[in-house]
Amino acid sequence: MINTTQRIQSLNPHFFAMLETKITLLQKNGCDIIRLDVGSPDMPPASHITAMLSKAASRPDAHGYQNCRGTQALRQAWAEMYRRVYAVDLDPEQEVLPLMGSKEGIFNLIQAYIDPGDVVLVPDPGYMTYQRATLFAGGEPYAMPLLPECGFLPDLQAIPRDIIRRAKMLWLNYPSNPTAATASVGFLTEAVEFARQHGLLLCHDAAYTQVTFESYRAPSLLAVPDAQEVALEVNSLSKSHNMAGWRLGAAVGNAQALNALYRVKANADNGHFLPILEAAVAAMTGEQDWIRDRNEIYRLRRDVVVQALHEVGLACMQPKASLYVWFAIPIGWTSVAFTDLLLEKAQVSLTPGPVFGERGEGYIRLAFTEPLELVTEAMRRVVSVVGEL
Ligand SMILES: Cc1ncc(COP(=O)(O)O)c(C=O)c1O
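Scoring rules and cut-offs
Residues numbered from 1 in each chain as written. Predicted model: local features only at pLDDT ≥ 70, side-chain atom pairs only at ≥ 80, totals over all residues. Heavy atoms only, no water. Phe/Tyr/Trp six-rings, centres within 6.5 Å; stacked < 30°, edge-to-face > 60°. Buried < 20%, exposed > 50% of the residue type's maximum accessible area, 1.4 Å probe, protein only. Near = heavy atom within 4 Å. Polar contact = N/O pair within 3.5 Å; in protein donor to acceptor, adjacent residues only side chain to side chain. Helix = DSSP H or I, 4+ residues; strand = E, 2+ residues; numbered from the N terminus. Nonpolar A, V, L, I, M, F, W, Y, C, P; charged D, E, K, R; others polar. Axes fitted to C-alpha atoms, helices over the stretch in contact; angles between N-to-C directions. Parallel < 35°, antiparallel > 145°, perpendicular 65-115°, else oblique. Left-handed = near helix turned anticlockwise from the far one by under 90°. Contact = heavy atoms within 4.5 Å.

Asks: Explain the packing of aromatic side chains here, please?
Replies: When we look at a pair of aromatic rings, we describe it by the centre distance and by the angle of the planes. Applying the stated criterion across every chain yields a total of 13 aromatic pairs. Ring centres 5.8 Å apart and planes at 75° place the aromatic pair Y127 and Y130 in the edge-to-face group. The class for Y127 is partly exposed, based on a relative accessible area of 25%. On the basis of relative accessibility, which here comes to 0%, the residue Y130 falls in the buried class. Taking the centre distance of 6.1 Å and the plane angle of 75° together, the rings of Y174 and F187 count as edge-to-face.

Asks: Just to check I follow, could you spell out the site of the ligand for this structure?
Replies: The environment of the ligand is formed by 14 residues, the closest being D205, Y208, S236, S238 and R247. The separation between an oxygen atom of the ligand and a polar side-chain atom of S102 is 2.7 Å. Y208 is positioned with one of its side-chain polar atoms (N or O) 2.6 Å from an oxygen atom of the ligand. Those elements that provide at least two residues to the shell around the ligand are α5 (102–113) and α9 (237–240). Grouping the constituent residues of the shell around the ligand by class yields four nonpolar, six polar and four charged.

Asks: Before we go on, may I ask you to explain the packing of helix α13 (residues 335–346) against helix α14 (residues 372–387) in this structure?
Replies: When two helices pack together, their arrangement is given by the angle between their axes and by how far apart the axes lie. Following both chains from N to C, one finds α13 and α14 inclined at 110°, their axes separated by 10 Å at the closest point. What the angle tells us is that α13 and α14 run roughly perpendicular. Seen from above, α13 lies across α14 with right-handed handedness. Across the interface between the two elements, F338, L341, L342, K345 and A346 from α13 touch R381, V382, V385 and V386 from α14. Residues of the contact of α13 with α14, tallied by class, amount to seven nonpolar, no polar and two charged.

This is how it looks when you write it as structure tokens:
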């Protein structure tokens, strides 16, 4: 048998792969599990987007290789969406690079910049790809604690000097997975200043910026004046337009960093199927009102979840954005034990906080990515199990 690399051997098994096995077994035994663990949108994109995909797919000239920079129309569509949604001007040729989903961009950007021994500043709890991609590159992730008393924002001034000296990149993600916290333009401005002062590449993961509730609008990091001198943002249609399976994202901002990322990508992928790119243009430039209606559906689910958790004394913030509620578990439990209890007794599958880093201990993430009736039933079961403790 041929050995895999040490890089691969040193990675822990992926939590969701293990959960999948556990749930399949429970389902085989007749359990009716409600899955609120993965943050995959359950609703389809608007019909004008899928119609464009079908129409383009039936054209005989649409089936060849594409460049991983995408088409000019696609880059322009990203720029147009940035102007409309975030009031940010981008040069579509220099400041937009399409991605096969933002996860790919995060992973490859880190491969472009990190040598063994380099430090990457990552949020804890946070989306795990920042940390895992750093380990893949032989780099050292430094976990910046996100604490409730600081609104789940990192205290940049508390990062030790010797860490900052070895650091090359700083990753932020607001609205946040998993905490659902949001960041103000004031905080993002502070982060840009910090990156400038310490010679860091500031990377903002904006995957949830269009999943917002009531009057809240999430800012782009690039709305900070001159941010693109030191920063870039990765964005995605996965959550904004219910297109997670389509693998459509973009890196926008600092042209030099986008070029470094392109040099990795040009060796690894040949871009998307052209009809997917054409449908993405329709998604970003066509009618957008459906996104507001979709967010209202999420808001109703969020309200059911927050109300039920409060009813049984489980503390959580009311999210202004994202697909998640991040709630504190009762004292005396670990996150994994409490998640297992809810899976076994309530037959509701959730994600234990430590999946997102050590500072996730004491918390569980709930994704309201099922229809309202199922979310309501899940919360009825959770309330009943917690009420009996
Ligand atoms: C914070 C965050 N970033 C990036 C991604 C990856 O999204 P994409 O589908 O664009 O690769 C996710 C997916 O859940 C996420 O939660």
